[in-house]
Amino acid sequence: MIETNRPAAAPADDEPDLLRDQFRQLLRYRRLIGAGIAIGLLGGVYLGISTADTYVATSDVVLRAPTDDPFNPSLAPDKAINIGSERQVALSSSIANEAAKKLGVGPSGFAALRSGLQVTNPPQSMVLRFTYTASSPKEAAQRANGMTEAYLLKRQEALDATRDKMVKGYKDQRDPIAKQLDDLTKEIARMPAGAARDAATSTKTDLQSEVGGYNTKITKLETLDMTPGRVTSAATPPSSPDGPGIPMSLALGAAVGLALGLLAAWVRLVFDPAPRSEGDVARALRAPVLGYLPRDKTGGGPLLAAGEADPRLAEEYRSVAFRLAYDARFADRRRLLVVAPRGSSETAAAVAVNLGASFAETGKDVLLIEADLRTPVLASQLPTGAGGRPRWSQTPGAGKRPAQHADTEWPDGRQLVVDAGESGAFDLIPGERVRNVARALTSPRATQLISEADSPNSTVVVLAPPVLSYADALALVDRVDGVLVVCDPRAVHRTDLSRIRELISGAGGTVLGAVLHAPLPGEKRGRGKGGPDAPVPPAAAPARSAPQPIPYEVAEAEQHIPGDGTDTVALRTVRMGRR
């Protein structure tokens, strides 16, 4: 026997495969992506319309520092001028006030005048670029040039004021010394020759040197070239609007909207507790996904898929059975427990029945045990009859069913033969309501019944209630250690699947794999009221045309009991009832 499915090992994570799988899962949230694209398109339309009458004019100014020798290579303008500070000065209100006077803008339009200006500095340059945005080409050019001229005028005034202040300071320091020098010169002229005259002459020489120094500084300042800068590119009226236009705006909006939609879908994907793909289910259960049942369009789905017009469902069941048959963990013991996580066991019942039919088709002696003793319905929904097949684990006297159920409890030896059409037939031990479910499932008779799988060429399939709703499945795991989980990936959480694996492993069993299916017709997704968190009671199940189970406790003489041999079962398709 070749072992095709490795036991309880987490699938290897291939990074490119995970990325591709995640990208495919993003497409599940088409509404979010579509909403993002719609918002982007609306923004593109607004951008195209709002910038349709927007014109931009630009003028460039090269700044220069005051100098007495503009050809001196040792002078570094970037050391003398802080370009960042100059940019802030160009955007200040004082420049805007000066420009408003030149342009004739009143106080009401002062704020709009300032808001339309943008001053930037190209990298690695001493250039200030004045960019003005207005509703007309002429106004944009006039205001750009007006702001440029106002800035140069204010900078010229600031430089002149700085120079005048320094010159005045030097003069204020020079004048007292010059007066002292004049007084000393007059005094020396009256003094006779001698040591006193020589000392006064030396002092005069020092004062003359000091006055000469101040005069040199004043002369140097007065001869500085104080030009603040020059306009290298005056603003001209633009010939076309600055906006990208409607087509380009729509393209940009669609691109940005798509990015926003993908981001929102990714965030939703990250925080989605449900398994996003078959890989997520396999990683949570640490077992492979054996099949994905195709969506049923008939309203309820067939309990027995054999004979359906659409063969895809039957072929999917055969594929699952084939994969199980080549799994060494199942082939060694041939016991299979079929469970659902929460809520309804309707699809799990269909999987159990059709796997039994698929195993019977391969020549196996199949026994299907309905261990769901809370809502047993298989006997009333399957084409059953009394046949000549060997009996499975019948208690003495089981061939004649007692009129009263008080003397025996499930399993009481009652056994039916299910006609699976071309697939053959298999035996069914129907479930029955009992007083104590746990005692019935752990009874020696139930153990003996499950042990029939030890016989050559035999297989036992057990259907149990949802594993997270009742502990019935865990009571069977020690005898039916191979578990098949049937679930809707969008209605169960990854934490639920991990908990199922931990519970089954703790009870001594092994998850052989999972069978996924789409939501049932009329079933709400999610985990709220009526969701998979709470089991569906029989009274809340929707009414269907399928027959309901017949109470086994009291059987009148004239009442028909399924499987008593008095009925002839034709090949037909039986629809599922809500479990």
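What counts, and where the lines are drawn
- Residues numbered from 1 in each chain as written.
- Predicted model: local features only at pLDDT ≥ 70, side-chain atom pairs only at ≥ 80, totals over all residues.
- Heavy atoms only, no water.
- Helix = DSSP H or I, 4+ residues; strand = E, 2+ residues; numbered from the N terminus.
- Buried < 20%, exposed > 50% of the residue type's maximum accessible area, 1.4 Å probe, protein only.
- Contact = heavy atoms within 4.5 Å.
- Pairing = 2+ DSSP bridges.
- Axes fitted to C-alpha atoms, helices over the stretch in contact; angles between N-to-C directions.
- Salt bridge = Lys/Arg side-chain N within 4 Å of Asp/Glu carboxyl O.
- Expected span 1.5 Å × (residues − 1).
- Arc of directions from axis to C-beta.
- Right-handed = clockwise from strand over helix to strand, strands pointing away.
- Polar contact = N/O pair within 3.5 Å; in protein donor to acceptor, adjacent residues only side chain to side chain.
- pLDDT = per-residue confidence, 0-100.
- Parallel < 35°, antiparallel > 145°, perpendicular 65-115°, else oblique.
- Left-handed = near helix turned anticlockwise from the far one by under 90°.
- Nonpolar A, V, L, I, M, F, W, Y, C, P; charged D, E, K, R; others polar.
- Phe/Tyr/Trp six-rings, centres within 6.5 Å; stacked < 30°, edge-to-face > 60°.
- Patch = residues over 30% accessible without salt bridge, like charges linked within 9 Å, V, L, I, M, F, W, Y side chains within 5 Å.
- Areas by Shrake-Rupley, 256 points an atom, 1.4 Å probe, with all protein chains shown as cover.

Enquirer: How do you make sense of the overall build of the chain when you look at a structure like this?
Expert: Looking only at helices and strands, one finds 18 helices and 13 strands in the chain. Within the chain, buried positions represent 42% of all 579 residues. For the chain, the share of sequence-separated contacts (at least 6 apart) that also reach a separation of at least 24 residues comes to 82%.

Enquirer: Help me understand the sheet that holds strand S3 (residues 127-134), please; the structure alone is not making it clear to me.
Expert: As a general point, the strands of a sheet are linked pairwise by backbone hydrogen bonds and lie either parallel or antiparallel. Read across the sheet, four strands follow the order S2-S3-S1-S4 without closing on themselves; strand pairing throughout is antiparallel. Each edge of the open sheet is held by one strand with a lone partner, namely strand S2 (117-120) and strand S4 (229-233). Taking each pair of neighbouring strands and ignoring which way they run, the sheet shows an average axis angle of 25°. In the sheet, strand S1 (residues 55-63) pairs with S4 via four bridges, with the strands oriented antiparallel.

Enquirer: Looking at this structure, I do not really get the pattern of salt bridges. What am I missing?
Expert: When the charged atoms of two side chains with opposite charge come close together, those side chains can pair. Tallied over the full model, the rule gives 17 salt bridges. Lys168 is the partner of Asp172 in a salt bridge, and the nearest nitrogen-oxygen pair spans 3.1 Å. Placement of both Asp172 and Lys168 in helix H7 (residues 137-190) is noted, with a separation of four residues, approximately one turn of the helix. Asp172 sits in the partly exposed class, given a relative accessible area of 45%.

Enquirer: Got a minute to help me understand helix H11 (residues 312-325) in this structure?
Expert: Given a rise of 1.5 Å per residue, 14 residues ought to cover 20 Å, and the 20 Å separating the end C-alpha atoms of H11 matches this to within 8%. Of all the residues in H11, the buried ones are Leu313, Ala314, Glu316, Tyr317, Val320, Ala321 and Leu324. Projected down its long axis, H11 shows its buried positions confined to an angular sector of 160°, all on one face. Residues of H11 that are buried make contact with strand S5 (289-292), helix H12 (328-331), strand S6 (335-339), helix H13 (346-361) and strand S13 (510-516).

Enquirer: How should I be thinking about the pairing of S13 in this particular structure?
Expert: Two faces, one strand: in a regular strand the side chains alternate between the faces of the sheet. Counting buried positions over the seven residues of S13 gives six, a clear majority of the element. In the sheet, S5 pairs with S13 via three bridges, with the strands oriented parallel. Each residue of the ladder has a partner; that of Tyr292, found in S13, is Leu516. Where strand S12 (residues 482-487) and S13 come together, six bridges link them in parallel fashion. Residue pairing across strands places Val483 opposite Val511, the latter belonging to S13. The parallel pair S12 and S13, bridged by helix H18 (residues 494-506), forms a crossover whose chirality is right-handed.

Enquirer: Got a minute to help me understand the environment of Ser380 in this structure?
Expert: Turning to its location among the elements, Ser380 is positioned in helix H14 (residues 378-381). Ser380 sits in the buried class, given a relative accessible area of 15%. Taking the C-alpha atoms as reference points, Ser380 and Pro430, separated by 50 residues in sequence, lie 9.3 Å from one another. Side-chain polar atoms of Ser380 contact the backbone oxygen of Val377, separated by 2.9 Å.

Enquirer: Would you explain the environment of Gly212 in this entry?
Expert: Tracing the backbone shows Gly212 in helix H8 (residues 195-222). Between the C-alpha atom of Gly212 and that of Arg174, which follows or precedes it by 38 residues, the distance is 8.9 Å.

Enquirer: I'm lost on unusual backbone geometry in this one. Help?
Expert: Negative phi values dominate among residues other than glycine, just as trans dominates among peptide bonds. A positive phi angle, close to 55°, is found at Arg286, a residue other than glycine. Positive phi, normally seen in glycine, also occurs at Asn457, with a value near 60°. Looking at where Asn457 falls in the secondary structure, it is placed in the loop between helix H16 (444-450) and strand S11 (458-463). Classification of Asn457 as partly exposed rests on a relative accessible area of 38%.

Enquirer: I'm lost on the confidence of the model for the chain in this one. Help?
Expert: Predicted coordinates in regions of low pLDDT should not be interpreted in detail. Averaged over every residue, the pLDDT of the chain is 79; residues scoring 70 or more account for 80%. Counting interchain partners and residues more than four positions distant, the pLDDT-below-50 stretch residues 525-579 has 120 contacts.

Enquirer: I'm lost on the packing of helix H2 (residues 30-50) against helix H9 (residues 246-270) in this one. Help?
Expert: In a packed pair of helices, the relevant descriptors are the angle between the two axes and the axis-to-axis distance. Across the interface, H2 lies against H9 with an axial gap of 6 Å and an inter-helix angle of 150°. Considering the angle they form, H2 stands roughly antiparallel to H9. For the element pair H2 and H9, the recorded crossing hand is right-handed. Judged by residue contacts, Leu32, Ile33, Gly36, Ile37, Gly40, Leu41, Gly44, Val45, Leu47, Gly48 and Ile49 of H2 engage Ile246, Ser249, Leu250, Gly253, Ala254, Gly257, Leu258, Gly261, Leu262, Ala264, Ala265 and Arg268 from H9. Broken down by class, the residue content of the contact of H2 with H9 amounts to 14 nonpolar, eight polar and one charged.

Enquirer: Before we go on, may I ask you to explain the packing of aromatic side chains in this structure?
Expert: Geometry of an aromatic ring pair is reported as the spacing of the ring centres plus the angle between the planes. Enumeration over the complete set of coordinates arrives at four aromatic pairs. Judged by centre distance (6.4 Å) and plane angle (50°), the ring pair of Tyr170 and Tyr214 falls under tilted. Here Tyr170 is found in helix H7, whereas its partner Tyr214 is found in helix H8, with 44 residues between them in sequence. For Tyr214, a relative accessible area of 14% puts it in the buried group.

Enquirer: Explain a nonpolar patch on the surface here, please?
Expert: On the surface, Val256, Leu260, Leu263, Trp266, Val267, Val270 and Phe271 cluster together into a nonpolar patch covering about 670 Å² of accessible area. Inspection of the secondary structure assignment puts Leu263 in helix H9.

Enquirer: It is not clear to me how the pairing of strand S7 (residues 365-370) should be interpreted in this structure. Could you clarify?
Expert: The element S7 is largely enclosed, with a buried count of five among its six residues. Bridging between S7 and S11 involves six bridges; their strand directions are parallel. If you follow Ile369 over to S11, its bridge partner there is Val462. Where S7 meets strand S10 (residues 425-429), three bridges bridge the pair, whose relative direction is parallel. Looking across to S10, one finds that Leu367 is bridged to Asp427.

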